[in-house]
Amino acid sequence: MFLEPVVPATALAAAPAALFGHRALRRLQGARALRIDSPRGIDEQGFVRIGGIEQWVSVRGEDRGNPVIVEVHGGPGAPNSIHTVRTRAWERHFTIVRWDMRGAGKTFGRGGPGGQGETTFARLHEDALEVVRHACRRLGVRRVVLVANSFGSVFGPRLVREHPELFSAYVGTDQNVPDPDRDARDHQALLERLRAAGKTRQLARVEALGADQRAWGAGERAAYARLRAQSDPLTLDTLKKVVLGSMWLSPLHTLRDLRDYFKGQKFSERVAEGATGPGGDRGDGTRFEVPFFVFQGELDVLTPPERAKAFFDAVEAPVKHFALIGGASHFASFRRPEAFLELLLTHVRPVITAERVGEAN
């Protein structure tokens, strides 16, 4: 899946006044929960010059001595920064670096449509590499854990494969694995869900699109992505309660930021064109020099766990582990943040901690 489904910004304008009072209270509670007072903690958010433009980068954690995670978010155009309150517990064990890609979130809001520069898959790949190097310099570390979700997991493995010197591990979630047969299978599965639900209008639209995405434009890809998400009750529930809920209540985001979030998603539709991932270059794309992990939503219909597991099985890495996150669809790490953290602590942190001890000796 290249584009996360969006909800029209007009939905925010129609919200009753009482909701704004509730939002203000919850944002205040969230801001209190996000305070980092520990002596070795770090809490920095601001714009950094990345790829020739100002891009939003957040660095948060309770102990600078903890391993560093750099996230590559989904979409394109769907920053993870809205989930900071939901993932607050992660910051006790890791320093989390979050970045709003060009065309997304606060980065889009900073420069607007005309200030995003080159918006291509290749440019995002280079930006991500620059963000990782910035994080290493800022935090005084040699390597970071790369956590890539959904669209970010299209080029996350490539970053790690090409620059193993910068990474202590790769963690994919909502792992996206393009392959030659996926379109027909996904298309058929969507048709079956729509028929079972009696969604005749949506069914007719998907049938008219056909299964060959090579003939689609960016708008058609976006519409198809929304239909896929809306056709699955668990994914739709996650969009409403987790994604929109996090966005609405985030103490780090103003109403203007929320407007920019939606506008950035629309703007970023173009980035998916020409994107390729581990399935497309599997001939040389499955050998890695760093530990490799995939933690996938058990019920994900957008990036199905069966496909992620097939890719994972082909991976050669010093250490690797695959796990399902129960009761979760897409956005698994944010639907079940405590389960995702447990997987990080059980499987990822021991490996990278042992590596750091070995280097020190």
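Residues numbered from 1 in each chain as written. Predicted model: local features only at pLDDT ≥ 70, side-chain atom pairs only at ≥ 80, totals over all residues. Heavy atoms only, no water.

(A) Unusual backbone geometry, seen in detail. Residue Pro 76 is bonded to the preceding Gly 75 through a cis peptide linkage, with omega at 0°. When you line up the elements, Pro 76 lands in the loop between β3 (68-72) and β4 (95-99). Not every positive phi belongs to a glycine, and Ser 150 is a case in point at roughly 55°. Here Ser 150 lies in the loop between β5 (144-149) and α5 (152-162). What makes Ser 150 buried here is its relative accessible area of 0%. (Helix = DSSP H or I, 4+ residues; strand = E, 2+ residues; numbered from the N terminus. Buried < 20%, exposed > 50% of the residue type's maximum accessible area, 1.4 Å probe, protein only.)

(B) Spatial organisation of the packing of helix α9 (residues 233-249) against helix α10 (residues 255-267). The geometry of α9 relative to α10 is characterised by a closest axis approach of 9 Å and an angle of 145° between their N-to-C directions. Here α9 contributes Val 243, Leu 244, Met 247 and Trp 248 to the contact with α10, which in turn contributes Leu 255, Leu 258, Tyr 261 and Phe 262. Broken down by class, the residue content of the contact of α9 with α10 amounts to eight nonpolar, no polar and no charged. (Axes fitted to C-alpha atoms, helices over the stretch in contact; angles between N-to-C directions. Contact = heavy atoms within 4.5 Å. Nonpolar A, V, L, I, M, F, W, Y, C, P; charged D, E, K, R; others polar.)

(C) Layout of the pattern of salt bridges. Within the structure shown, the criterion is met by 18 salt bridges. Asp 237 serves as the salt-bridge partner of Arg 335, at 2.8 Å between the closest nitrogen and oxygen. With Arg 335 in helix α12 (residues 332-335) and Asp 237 in helix α9, the pair connects residues that are 98 residues apart, well separated along the chain. By relative accessible area, which is 24% here, Arg 335 ends up partly exposed. Arg 336 is the salt-bridge partner of Glu 338, the closest N and O atoms lying 2.6 Å from each other. By relative accessible area, Arg 336 is classed as partly exposed at 28%. (Salt bridge = Lys/Arg side-chain N within 4 Å of Asp/Glu carboxyl O.)

(D) Structural context of the sheet that holds β4. The strand order across the open sheet built from eight strands is β1-β2-β4-β3-β5-β6-β7-β8, with neighbouring strands paired in mixed fashion. At either end of the open sheet lies a strand with only one pairing partner, and these are β1 (42-50) and β8 (320-325). Strand-to-strand, the axes of this sheet are offset by a mean angle of 20°, without reference to chain direction. Where β1 and strand β2 (residues 53-61) come together, nine bridges link them in antiparallel fashion. The residue of β2 that forms the bridge with Val 48 is Gln 55. The strands touched by helix α4 (residues 121-139) within the sheet are β1, β2, β3, β4, β5 and β6 (167-173), with β1 carrying the most contacts at an inclination of about 135°. (Pairing = 2+ DSSP bridges.)

(E) Representation of the packing of aromatic side chains within the structure. One pass over the structure, following the stated rule, counts 15 aromatic pairs. A ring pair is formed by Phe 151 and Phe 155, whose centres lie 5.8 Å apart and whose planes are at 80°; its orientation type is edge-to-face. The pair Phe 151 / Phe 155 is uniform in exposure class, with both members buried. Through a chain of ring-to-ring contacts, three or more aromatic side chains come together here, namely Trp 90, Phe 293, Phe 295, Phe 334 and Phe 340. Over the face of the ring belonging to Phe 47 we find Arg 110, whose NZ or CZ atom lies 4.1 Å from the ring centre. Of note, Arg 349 hangs over the ring of Phe 94, and the distance from its end group to the ring centre comes to 5.9 Å. (Phe/Tyr/Trp six-rings, centres within 6.5 Å; stacked < 30°, edge-to-face > 60°. Lys NZ or Arg CZ within 6 Å of the ring centre and 35° of its normal.)

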